[in-house]
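Structural overview for review
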Amino acid sequence: EAGRRITWAGAAVNLALVVLKLAGGYYGRSRALVADAIHSLSDLVTDFVVLVGLHFLGRDEDAGHPYGHGKIETLATIAVGSILLAAAARLGYDAARAAAAGGGLEAPHRYTIAIAALSLAAKETLFRLTVRGGRRAGSEAMIANAWHHRSDAWSSLATLVGVGLASFVPRLRVLDPLAALLVAFFIARIAVDILAGAARKIVDASPPDRFRSEVCDTVERIAGVIECHDIMARYYGQKIRMELHIVVDPQLTVLRAHAIIDEVVAAVKARFEQVHTVLVHVDPGRAGDGAEGGTEGGPG
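Reference entry: report on the structure contained in this document. (Residues numbered from 1 in each chain as written. Predicted model: local features only at pLDDT ≥ 70, side-chain atom pairs only at ≥ 80, totals over all residues. Heavy atoms only, no water.)

**Notes on the packing of helix H7 (residues 209-219) against helix H8 (residues 254-271)**
The criterion, for reference: Under this scheme, a helix contributes an axis fitted over its contacting stretch, all axes are lines through C-alpha atoms, and angles between N-to-C directions fall in the 0 to 180 degree range. Secondary structure elements follow DSSP: runs of H or I of four or more residues count as helices, runs of E of two or more count as strands, with numbering from the N terminus. Each angle receives one of four descriptions, namely roughly parallel if under 35 degrees, roughly antiparallel if over 145, roughly perpendicular if within 65 to 115, and oblique otherwise. Each crossing is labelled by how the near helix is turned from the far one, with a counterclockwise turn of less than a right angle marking it left-handed and a clockwise turn marking it right-handed. By the convention used here, residues are in contact when the closest approach between their heavy atoms is within 4.5 Å. In this classification, the charged set is Asp, Glu, Lys and Arg, the nonpolar set is Ala, Val, Leu, Ile, Met, Phe, Trp, Tyr, Cys and Pro, and all remaining amino acids, among them Gly, are polar.
Two numbers describe how H7 lies on H8: the axes approach to 9 Å, and their chain directions differ by 135°. Here H8 runs oblique to H7, going by the angle between their axes. Judged by the sense of rotation from one axis to the other, the crossing of H7 with H8 is right-handed. For the pair H7 and H8, the contacting residues are Glu214, Val215, Asp217, Thr218 and Val219 in the first and Val264, Ala267, Val268 and Arg271 in the second. A class-by-class count of the residues in the contact of H7 with H8 yields five nonpolar, one polar and three charged.

**A look at the side chain of aspartate 249**
Our working definition: A 3.5 Å cut-off defines polar contacts: any pair of N or O atoms within that distance qualifies, except that in protein one atom must be a possible hydrogen donor and the other a possible acceptor, and neighbouring residues in sequence count only when both atoms are side-chain atoms.
When you line up the elements, aspartate 249 lands in the loop between strand E2 (239-248) and H8. Looking at aspartate 249, its side chain comes within polar contact range of the main-chain nitrogen of glutamine 251, at 2.7 Å.

**So, the packing of aromatic side chains**
Here is the rule: Ring pairs are drawn from Phe, Tyr and Trp, using the six-membered ring of Trp, whenever the two centres fall within 6.5 Å, and their geometry is named by plane angle: stacked under 30 degrees, edge-to-face over 60, tilted for the rest. Only protein chains enter the accessibility calculation, which uses a 1.4 Å probe. A residue is then buried if its area is under 20% of the maximum for its type, exposed if over 50%, and partly exposed in between. We count a charge as sitting over a ring when the NZ of a lysine or the CZ of an arginine lies within 6 Å of the ring centre and within 35 degrees of the ring normal.
Inspection of the entire model under this criterion finds three aromatic pairs. Each ring, one from tyrosine 26 and one from tyrosine 27, has its centre 5.0 Å from the other, and the planes form 85°; the classification is edge-to-face. Residue class for tyrosine 26 comes out exposed when judged on its relative accessible area of 61%. The ring of phenylalanine 127 has arginine 150 lying over it, and the distance from NZ or CZ to the ring centre is 3.9 Å.

**Looking at the environment of leucine 41**
Mapped onto the elements of the fold, leucine 41 is located in helix H2 (residues 31-57). Distance from leucine 41 to asparagine 14, taken between C-alpha atoms, is 6.9 Å for residues 27 residues apart in sequence.

Set out below in structure tokens:
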């Protein structure tokens with residue numbers, strides 16, 4: 001709920017910035033400010049994409065989606081990155097053409113400086129609020145959108161510098177389209193990072209080796225577990241689904257082995273909040289290994 005409120009607030013701010021920067025850039029003769037307005041427009045679109053992702057993030061498993069809806073949010077994240085990349089390509093092309101033309105550029109009006117400064121302050125505030133809310137909600141799309149706000153803050157900073165110099169120093173008017181080109185670079189860089197992170201989760205990438213090592217360490221501390229091995233884990237949206245094998249004394253009863261499995265699952269989930277499902281396979285050890293191999297203790 002808090003994540004939705006923050007995202008709706010961000011959408012309202014982005015709408016106001018789009019109108020302000022488009023009008024200011026058009027009438028104030030600033031190509032950089034118009035480019036910044038288009039960036040804010042892409043922010044507005046991604047705000048609504050994130051709202052769709054947050055809707056599915058909160059839904060439980062059902063008959064049609066027995067593994068939950070986590071990948072729908074990852075798809076929303078890919079949409080955010082794709083929109084960013086398309087916006088960067090268009091902005092970069094237009095800015096490069098204007099910078100190459102050179103002559104005939106008009107100096108932007110000085111009131112465009114105030115608009116760029118206001119945008120910078122608003123977007124940096126939105127970044128901080130959104131990234132904090134995304135971490136609390138466990139929403140990758142919301143965090144991606146926060147970085148979209150940050151990239152807009154960077155672009156507003158570049159716009160502020162470019163417009164300021166172009167307004168006060170006539171021979172530096174080319175800095176206005178060059179600032180727009182720099183804005184496009186910032187957007188593209190963030191877009192590639194977002195898409196790469198989401199793609200790793202779509203293709204069932206594994207968590208880092210350190211994660212598997214820490215899981216094994218946690219499991220082998222449980223009384224009755226002789227050894228932990230063959231850990232397989234993959235991301236499903238923000239969550240991790242995993243399988244692992246444990247070795248226990250072959251003389252244990254089914255009831256005791258099942259109780260150990262329950263302890264393993266509980267210990268792993270307690271230590272690693274992002275783990276959603278743990279499937280445990282029991283392997284019999286060699287006779288004489290001891291029914292209560294391992295050491296006492298939970299996750300730590």
